[in-house]
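Below, each chain spelled out in residue letters.
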Amino acid sequence: MNTRDADPGRGNGERVSPGAPAGGVMSRLTSRVRFTAMQARVGVLVILCVFFTIRSPFFFTSTNLVNVLVNGAVIGIIGSAMTLLLVARQVDVSVGSAIGFAGAVFAVFARDYGLAWGVVGAIAAAMVIAGINAVAIIKFRVNSILTTLATLVAFRGASKLVMDGRAVRVEGFRFLGRTRFEVGGIEIPVAVIVLLLVVAVFYVVMRLTKYGQQMYAIGANPQAARLAGIPLERQVGIAFVLTGATVALASMIVVSQVGAVSPTTGERMEFLALTGVIVGGASLYGGRGSVIGTLVAILILAVLDNGLVLLQVQSFWQEVSRGVLLLGAVVFDQLGRREAEVRMDV
């Protein structure tokens, strides 16, 4: 199998040949959506911004827009790595607990031994979880969802053990979470700069390297990729290591922002990141995904949450809106897959 057969552009809004076969209403609908997938997401983001600007005088201000970016920073960082995993048909639902565990280790080590050891501890903790996930999935062939669901539960409990069930404060660690640099009269938080750097790195890895092309090929057709000589186990293992790196970074940003870590740190972050990845265009069946699409989708979620808060809408509706977005993206992905199978049969 030539790795070029797995088109990394799908889901990015790149044009598909107009001569592609179309059968039925759904086929024509999905074909049109593929023409403007990225434009549609950007359009939704713009519409939400315009709507909340009209409804609230506080939305379209530099301070609030920066807050939106800050709120999406951590989710965007781990969402970048999750996009790479999903492209290769792997899912990691343990990242929320991993952030909580790495944050707990960081806080305890920083308190007892100093900030430098806290950083080392956070990186080691995140890599331990990534290693356990990778070994179970690659060596023992356990389904990635089941494996990471188990580590989700286990390391949520482990983080409570590390902290003895109590919150731990961290003093003197402001840089990643609360330091800002002034750019053009606007104060840009370090967390936002880190987000942009992480997205840039994953964009280059996924679109401009042989490794990225192979990950798309693995997701599109694992059997053909293996026959083509692609080392599936090694490449997927690298993706989990990269996920561990983003978890360590995200955990330190969270601790720096709050100044403490608690037993609930990181809860539901895996859901938010997975929602962003799927709404951003990644397929649950692999072979398609875009870190830029993920970033736009996460900004949509951040804008929606922020706008609803400004409009004083009950927080329960934020959860409803996220669930509806995720369900819609999953349904659309499933319908698109069925139409593709029908066209192949024809």
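The structure presented is a predicted model; accordingly, all values stated were derived computationally and were not measured.

Conventions we followed
- Going along each chain's sequence as written, the residues are numbered from 1 onward.
- Side-chain atom pairs in this predicted model are given and counted only at pLDDT of 80 or more, local residue features only at pLDDT of at least 70, and totals for whole chains, interfaces and linings cover all residues.
- Side-chain metrics in this entry use all non-hydrogen atoms of the structure; hydrogen atoms and water are not considered.
- Put simply, DSSP H or I for four residues or longer makes a helix, DSSP E for two residues or longer makes a strand, and each gets a number counted from the N terminus.
- Between buried and exposed lies partly exposed: a residue is buried under 20% and exposed over 50% of the maximum accessible area for its type, with that area taken using a 1.4 Å probe on protein chains only.
- Note on contacts: a residue pair qualifies if any of its non-hydrogen atoms lie within 4.5 Å across the two residues.
- Note on areas: Shrake-Rupley, 1.4 Å probe, and residue coverage restricted to the protein chains presented here.
- For every residue, the predictor states its confidence as a pLDDT score lying anywhere from 0 to 100.
- With axes taken as lines fitted to C-alpha atoms, and helix axes fitted only over the stretch in contact, angles between N-to-C directions fall between 0 and 180 degrees.
- Should an angle lie under 35 degrees it is considered roughly parallel, over 145 roughly antiparallel, and from 65 to 115 roughly perpendicular; all remaining angles are considered oblique.
- By definition, turning the near helix anticlockwise from the far helix through less than a right angle yields a left-handed crossing, and turning it clockwise yields a right-handed one.
- In this count, Pro and Cys sit with the nonpolar residues alongside Ala, Val, Leu, Ile, Met, Phe, Trp and Tyr, while Asp, Glu, Lys and Arg are called charged and the others, Gly among them, polar.
- In this analysis, strands are considered paired if DSSP registers two or more bridges between them.
- Using only the protein atoms, space was sampled on a 1 Å grid; points where a 1.4 Å probe fits but cannot get out form cavities, open sets with protein on both sides within 12 Å along at least five of seven lines form pockets, and lining residues are those with an atom within 4 Å of a point.
- Grid points are joined across faces, edges and corners, and a volume is the space filled by probe spheres set on the points.
- Note on aromatic contacts: the rings of Phe and Tyr and the six-membered ring of Trp form a pair at centre separations within 6.5 Å, being stacked when their planes are under 30 degrees apart, edge-to-face when over 60 apart, and tilted otherwise.
- Here the expected length of a helix is defined as 1.5 Å per residue gap, with one fewer gap than residues.
- Nitrogen and oxygen atoms within 3.5 Å of one another constitute a polar contact, given that in protein one can donate a hydrogen and the other can accept it, and given that sequence-neighbouring residues count only through two side-chain atoms.
- A pair is scored as a salt bridge if a Lys or Arg side-chain nitrogen falls within 4 Å of a carboxyl oxygen belonging to Asp or Glu.

Time to look at the overall build of the chain. Within the chain one finds 14 helices and four strands. Burial analysis of the chain (346 residues in total) assigns 51% to the buried set. In the chain, once contacts between residues fewer than 6 apart in sequence are set aside, the share between residues at least 24 apart is 78%. If you sum the accessible surface of the chain, you get close to 16600 Å²; carbon and sulfur atoms cover 65% of it.

Take the confidence of the model for the chain next. The predicted model of the chain has a mean per-residue pLDDT of 88, with 86% of residues at 70 or higher. The model gives residues 1-23 a pLDDT under 50, and that stretch makes 50 contacts with residues more than four places away or in other chains.

The N-to-C vectors of helix α5 (residues 115-138) and helix α6 (residues 144-163) enclose an angle of 150°; their axes lie 9 Å apart at closest approach. Here α5 lies roughly antiparallel to α6, going by the angle between them. Seen along the crossing, α5 lies across α6 with a hand that is right-handed. Across from Ile129, Ile132, Asn133, Ala136 and Ile137 in α5, the residues of α6 making contact are Ser144, Thr147, Thr148, Thr151 and Phe155. Class assignment of the residues belonging to the contact of α5 with α6 gives a composition of five nonpolar, five polar and no charged.

Turning our attention to helix α9 (residues 210-220). For α9, the buried fraction is high: nine of the 11 residues fall into the buried class. Buried within α9 we find Tyr211, Gly212, Gln213, Gln214, Met215, Tyr216, Ala217, Ile218 and Gly219. Summarising the contacts, the buried residues of α9 are in contact with α3 (62-87), α8 (190-208), α10 (222-227) and α11 (232-258).

What follows covers the pairing of strand β2 (residues 180-183). Examined bridge by bridge, β2 and strand β3 (residues 186-189) share four bridges and lie antiparallel to one another. Looking at the pairing, Glu182 lines up with Glu187 of β3. Hairpin connection of β2 to β3: two residues between the antiparallel strands, including Gly184 at a positive phi of 60°.

The gaps left among the atoms become clear once a water-sized probe is rolled over them. Within this model, the second largest pocket holds a volume of roughly 560 Å³. Along the walls of the second largest pocket sit 21 residues, with Asn71, Ile75, Met269, Leu272 and Arg322 positioned nearest its centre. Looking at which element gives the most residues to the lining of the second largest pocket, the answer is helix α13 (residues 291-310), with six residues. Residue composition of the lining of the second largest pocket, by class: 11 nonpolar, six polar and four charged.

To continue, consider the packing of aromatic side chains. Evaluated as defined, the whole model comprises five aromatic pairs. Each ring, one from Phe51 and one from Phe52, has its centre 5.3 Å from the other, and the planes form 70°; the classification is edge-to-face. By relative accessible area, which is 2% here, Phe52 ends up buried. Summarising the aromatic geometry, the rings of Phe109 and Tyr113 are spaced 5.7 Å apart at their centres and angled 80° between planes, so their arrangement reads as edge-to-face. Residue Phe109 and its partner Tyr113 are both found in helix α4 (residues 95-113); the two are separated by four residues, about one turn of the helix. We classify Phe109 as partly exposed; its relative accessible area is 31%. Judged by relative accessible area, which is 57%, Tyr113 ranks as exposed.

A separate point is empty space enclosed by the protein. For the structure shown, the criterion picks out two cavities of 30 Å³ or more. Considered as a void within the structure, the largest cavity measures approximately 40 Å³ in volume. Forming the boundary of the largest cavity are Asp92, Ser94, Val95, Ala98, Ala126, Ile129, Ala130, Asn133, Phe240, Thr243, Gly244 and Val247. Of the residues contributing to the lining of the largest cavity, the split by class is seven nonpolar, four polar and one charged.

Moving on, we get to the environment of Thr243. Assignment of secondary structure puts Thr243 in helix α11. Taking relative accessible area as the criterion, Thr243 reaches 2% and is therefore assigned buried. For the pair Thr243 and Asp92, spaced 151 residues apart in sequence, the C-alpha to C-alpha distance is 8.7 Å. Apart from the residues lying within four places of it in its own chain, the contact partners of Thr243 are Ala81, Leu85, Asp92 and Val95.

A word on α6. Across its 20 residues, α6 extends 28 Å between first and last C-alpha, which sits within 8% of the 28 Å expected from 1.5 Å per residue. In this structure, the buried side of α6 is in contact with α4, α5, β1 (168-169), β4 (260-261) and α12 (269-279). For α6, the side-chain oxygen to backbone nitrogen distance between the N-cap and Ile145 is 2.8 Å, and the N-cap itself is Asn143. Of the residues trailing α6, Asp164 is marked for its positive phi of about 60°.

Scanning the model with the defined rule gives six salt bridges in all. For Glu233, the salt bridge identified is with Arg226, shortest N-O distance 3.2 Å. Judged by its relative accessible area of 24%, Glu233 falls in the partly exposed class. One salt bridge connects Arg322 with Asp305, and the closest N-O pair in it is separated by 2.8 Å. Taken together, the residues span a long stretch of sequence, with Arg322 in helix α14 (residues 316-345) and Asp305 in helix α13 at a distance of 17 residues. Among the residues examined, Asp305 registers a relative accessible area of 16% and is labelled buried.

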